[in-house]
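# Understanding the architecture of this molecule
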Amino acid sequence: MAEFFAQYMPAWGAYLLTALISVALLLAVVGLGALFFIWAERKVAGRIQDRLGPTRTGGKFGWLQSLADGIKLITKEDLAPADADRLLFRLAPYVSLAPSYAALLALPFADGWVGWEINTSVFFLLAILGLEVFGVILAGYASGSKWSLFGGMRQAAQVVSYEVPLGMCGVIPVFLCGTMSLTTIGNMQAGWATNWLIFHDPFTFMVFWVYFTCAVASVNRAPFDLAEAESELVAGFHTEYSGLRWSFFFMAEYNSMFVVSGLAAVLFFGGWNGPVPIFASWKAAGGGWEIVADLAGCLNFIGKAVLGVMVMIWVRWTLPRLRIDQVITTCLKYCVPLAAFCFVGALAWQLASLPSPNDWLSPDPAGRAAVREPWVERAEDGAERSGTSGAEELARLAEDKR
Amino acid sequence: MLAAIDLHGFLFVLFALTACVFAAGVLFSSNIVRMAFNLVLSLGSSAGLFFLAGAEFVGAMQLMIYVGGTLVLLVFGVMLTAQHRFLEMRTNAGEWVLSLLVGGALLMVLLQAAFSVSQWNTPYAQRDQVEIDESKSATPIAAALTGVRVDKLEETNPRLRAGKSGYLMPFVIVSMHLLVVLVGAAYLARPRMAVRQMRRGG
């Protein structure tokens, strides 16, 4: 995109404009996502509890309820308790929101539609999602309140434990595809739904549910929301917060829910590749048709991610909260061994070349092998132009690197 | 493309400055949690430097292990154990002198090493023609861990190419070390659990 703008303005302006457009689009995902998910949460909660939820604000369905709440929150007084560590207390909401937002940078919304194309995006996402807990811990410590401190401690223990099985679940699609690039993993699952990695073998089917459990725990949602635990800790780590600072924690939480669901969609559910390959021929046609196909893929991806968030909301209003020892037991005694078992099982399945449903049902079962990482594709293009072999070109690239 | 503005240089100075400023913040604050917070920002900035250099794997590793792992555990430990007199650390003059000596010696060694690399010392002749190479996947690193150097295909010695120059040996040594540490930690935690069980039983 920077190259496109550079035709009309100086280079620095083009870079700045490109960066601003990406940042604004991703901020819109955070902001609008939070508005929609909070409204959806209240509607779903209402229906599950046999009431209506918000009905009046904005005419039908109360769809402006979150916006009205947001305006109310802006006008609230911004208080800090006398015992608080003022600086850290004020900074903590931003520390919570920043990693959650930064995670969106590396999350592809369609083939090539990603803020920052990096080759280790799975690892980057898992690393940066683990940082969000720091804001919660700081809030818990800096509030100068027992309830907050307990909430922060619980959250630290929980997140440090759940990072282990979450990482192990993320590794399985990585080694099935042989790449850590989310764009490549998504492209490898093109075609019919049988090509989705969740249907690759029984172990990947099993490990998705482990992933989902750990993802719910790592974004601090019920039944794992011990850091809030309003029945025992008032409101946990955000007891002392009010106004917009309070709402930043929730924007971070809803955005993280979207990110882990989006990650699940790319790793297990084909990302932007639908259950039925309607737009595959458009994608191949190139030009304007390709953009339309990518737009459809983007909507497809967002749909899958929103579906994941809806399941999390459904789970929250269905299951009771666990005790802290039960939370840690679930992680260490069930999730970690299950993830390890599935890891070994999927590895053995791949090594023994056992069949997957895609081999019989797909018209192009070997299609996955043809997908390359973006930098390898560019190296092969360069090799075609200069008439050398791909291996030589790779070696040349590695030489340049040094 | 980047001729009009040295974007890379600007970002480098930005990240380097934040890393240094917050590192100084670690040094001059006396509250452990604030120190940890400064350290988060400092380490995060140095992760930014790694991303800028195209080493995304190392940068993400820095975020995951140091910021997301070690520092969270540090603050967790402080919250579990700290009374007020431990939270505020007062350092006396002797400690200052000793740490200045040790830190200054390390700084001297690093500076000497940095300035002895001739490529970093002299201005680059064709500055405009420098292209920032795009980053590679972690796949070559993973292949090298199993003993295959795909980035050393020009190696003529077939034995070296076939795995003698991979990272398998250091990797195994490091993982054995970690295993020993884990066993040690489990051993250290064991007696207390036994006592508790005995109490519960009796």
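Just so you know, these numbers come straight off a predicted model, no measurement behind them.

## Some points on the overall build of chain A
- Within chain A, the secondary structure is distributed over 16 helices and 0 strands.
- Computed over the C-alpha atoms, the radius of gyration of chain A is 23 Å, within 12% of the 21 Å expected from 2.2 N^0.38 for a compact globule of 402 residues.
- If one aligns the C-alpha atoms of chain A with their principal axes, the spans along those axes are about 70 × 55 × 50 Å.
- Burial status across chain A gives 46% buried among its 402 residues.
- The long-range share in chain A, meaning contacts at least 24 apart out of those at least 6 apart in sequence, stands at 77%.

## Considering the overall build of chain B
- Counting its secondary structure elements, chain B contains 9 helices and 0 strands.
- Element order for chain B, N to C, with α for helix and β for strand: α-α-α-α-α-α-α-α-α.
- Looking at chain B as a whole, 15% of its 202 residues are labelled buried.
- A separation of at least 24 residues holds for 44% of the contacts in chain B among residues at least 6 apart in sequence.

## Re helix H5 (residues 93-115) of chain B
- Over its 23 residues, H5 of chain B extends 32 Å from the first C-alpha to the last, a length consistent with the 33 Å expected when each residue adds 1.5 Å.
- Counting buried positions over the 23 residues of H5 of chain B gives 0, only a small fraction of the element.

## Remarks on helix H4 (residues 86-105) of chain A
Residues and elements named next belong to chain A.
- Taking 1.5 Å as the rise per residue, H4 with 20 residues should run 28 Å; its terminal C-alpha atoms sit 30 Å apart, in good agreement.
- At Ala92, H4 shows its largest kink, close to 35°, and the proline Pro93 lies no more than four residues downstream.
- Of the positions making up H4, those classed as buried are Phe89, Ala92, Pro93, Val95, Ser96, Leu97, Pro99, Ser100, Tyr101, Ala102, Ala103 and Leu104.
- Tucked inside the fold, the buried residues of H4 contact helix H2 (11-48), helix H5 (121-129), helix H6 (132-142) and helix H10 (243-268).

## Topic: the domain arrangement of chain A
Residues and elements named next belong to chain A.
- Along its sequence, chain A is organised into domain 1 (1-75), domain 2 (78-368) and domain 3 (372-402).
- For domain 1 versus domain 2, the distance between C-alpha centres works out to 20 Å.
- Every contact between the two is made by 15 residues of domain 1 and, on the other side, 18 residues of domain 2.
- If you tally residues by element for the side of domain 1 that touches domain 2, the top one is H2, at 13 residues.
- Residues of the side of domain 1 that touches domain 2, tallied by class, amount to 12 nonpolar, 2 polar and 1 charged.

## What to know about the packing of H4 of chain A against H6 of chain A
Residue and element names in this part refer to chain A.
- Packing of H4 against H6 leaves a shortest axis separation of 7 Å and a crossing angle of 165°. One finds that H4 runs roughly antiparallel with respect to H6. The two elements H4 and H6 meet at a crossing, and its hand is left-handed. Taking contact as the criterion, the partners of Leu88, Phe89, Ala92, Pro93, Val95, Ser96, Pro99 and Ser100 in H4 are, on H6, Glu132, Phe134, Gly135, Val136, Leu138, Ala139 and Ala142.
- Counted by class, the contact of H4 with H6 contains 11 nonpolar, 3 polar and 1 charged residues.

## Considering the packing of H2 of chain A against H10 of chain A
All names here are of chain A.
- Packing of H2 against H10 brings their axes to within 9 Å, and their N-to-C directions diverge by 90°. With respect to each other, H2 and H10 are oriented roughly perpendicular. Contacts between H2 and H10 involve Val30, Gly33, Ala34, Phe37 and Ile38 from the former and Phe250, Met251, Tyr254, Asn255 and Phe258 from the latter.
- Looking at the contact of H2 with H10, its residues break down into 8 nonpolar, 2 polar and no charged.

## Considering unusual backbone geometry
Residue and element names in this part refer to chain A.
- In this structure, Asp50 is a non-glycine residue whose phi angle is positive, near 60°.
- For Asp50, the position within the fold is in the loop between H2 and helix H3 (65-75).
- Accessibility expressed as a C-beta count within 10 Å gives 6 for Asp50, which makes it exposed.
- One non-glycine residue with positive phi stands out, namely Ser353, at about 55°.
- Considering the arrangement of structural elements, one finds Ser353 in the loop between helix H13 (324-351) and helix H14 (357-361).

## Some points on the confidence of the model for chain A
- Confidence in the prediction of chain A, expressed as mean pLDDT, is 82, and 91% of residues score 70 or more.
- Within chain A, helix H9 (residues 202-218) of chain A carries the highest mean pLDDT (90), whereas helix H16 (residues 390-401) of chain A carries the lowest (57).

## Quick word on the environment of Ser30 of chain B
Residues and elements named next belong to chain B.
- On the secondary structure map, Ser30 appears in the loop between helix H1 (7-28) and helix H2 (32-52).
- Given 11 C-beta atoms within 10 Å, Ser30 falls into the exposed group.
- In this structure, the C-alpha to C-alpha distance between Ser30 and Thr91, residues 61 residues apart in sequence, is 8.5 Å.

## Looking at the confidence of the model for chain B
- Overall, the predicted model of chain B reaches an average pLDDT of 76, with 66% of residues at or above 70.
- Predicted as a complex, the structure gets a pTM of 0.82 and an ipTM equal to 0.77.

## Notes on the environment of Ser161 of chain A
All names here are of chain A.
- In this structure, Ser161 sits in helix H7 (residues 146-177).
- According to the C-beta neighbour criterion, Ser161 is buried, with 20 such atoms within 10 Å.
- Residues Ser161 and Gly135, 26 residues apart in the sequence, show an inter-C-alpha distance of 17 Å.
- Once you skip the residues sitting within four places of it in the chain, Ser161 turns out to touch Ile328, Cys331 and Leu332.

## Brief notes about the environment of Arg368 of chain A
Residues and elements named next belong to chain A.
- Along the chain, the position of Arg368 falls in the loop between H14 and helix H15 (374-386).
- The exposure class assigned to Arg368 is buried, which follows from the 20 C-beta atoms found within 10 Å.
- Sequence spacing of Arg368 and Cys177 is 191 residues, and the spatial spacing of their C-alpha atoms is 8.3 Å.

What counts, and at which threshold
- Residues numbered from 1 in each chain as written.
- Chains lettered and ligands numbered in written order.
- Predicted model: local features only at pLDDT ≥ 70, side-chain atom pairs only at ≥ 80, totals over all residues.
- Helix = DSSP H or I, 4+ residues; strand = E, 2+ residues; numbered from the N terminus.
- Rg over C-alpha atoms; globule rule 2.2 N^0.38 Å.
- Buried ≥ 20, exposed ≤ 12 C-beta atoms within 10 Å, placed from the backbone.
- Contact = placed C-beta atoms within 7 Å.
- Expected span 1.5 Å × (residues − 1).
- Bend = angle between axes of the 7 residues up to and from the residue.
- Domains from an automatic or database assignment.
- Nonpolar A, V, L, I, M, F, W, Y, C, P; charged D, E, K, R; others polar.
- Axes fitted to C-alpha atoms, helices over the stretch in contact; angles between N-to-C directions.
- Parallel < 35°, antiparallel > 145°, perpendicular 65-115°, else oblique.
- Left-handed = near helix turned anticlockwise from the far one by under 90°.
- pLDDT = per-residue confidence, 0-100.

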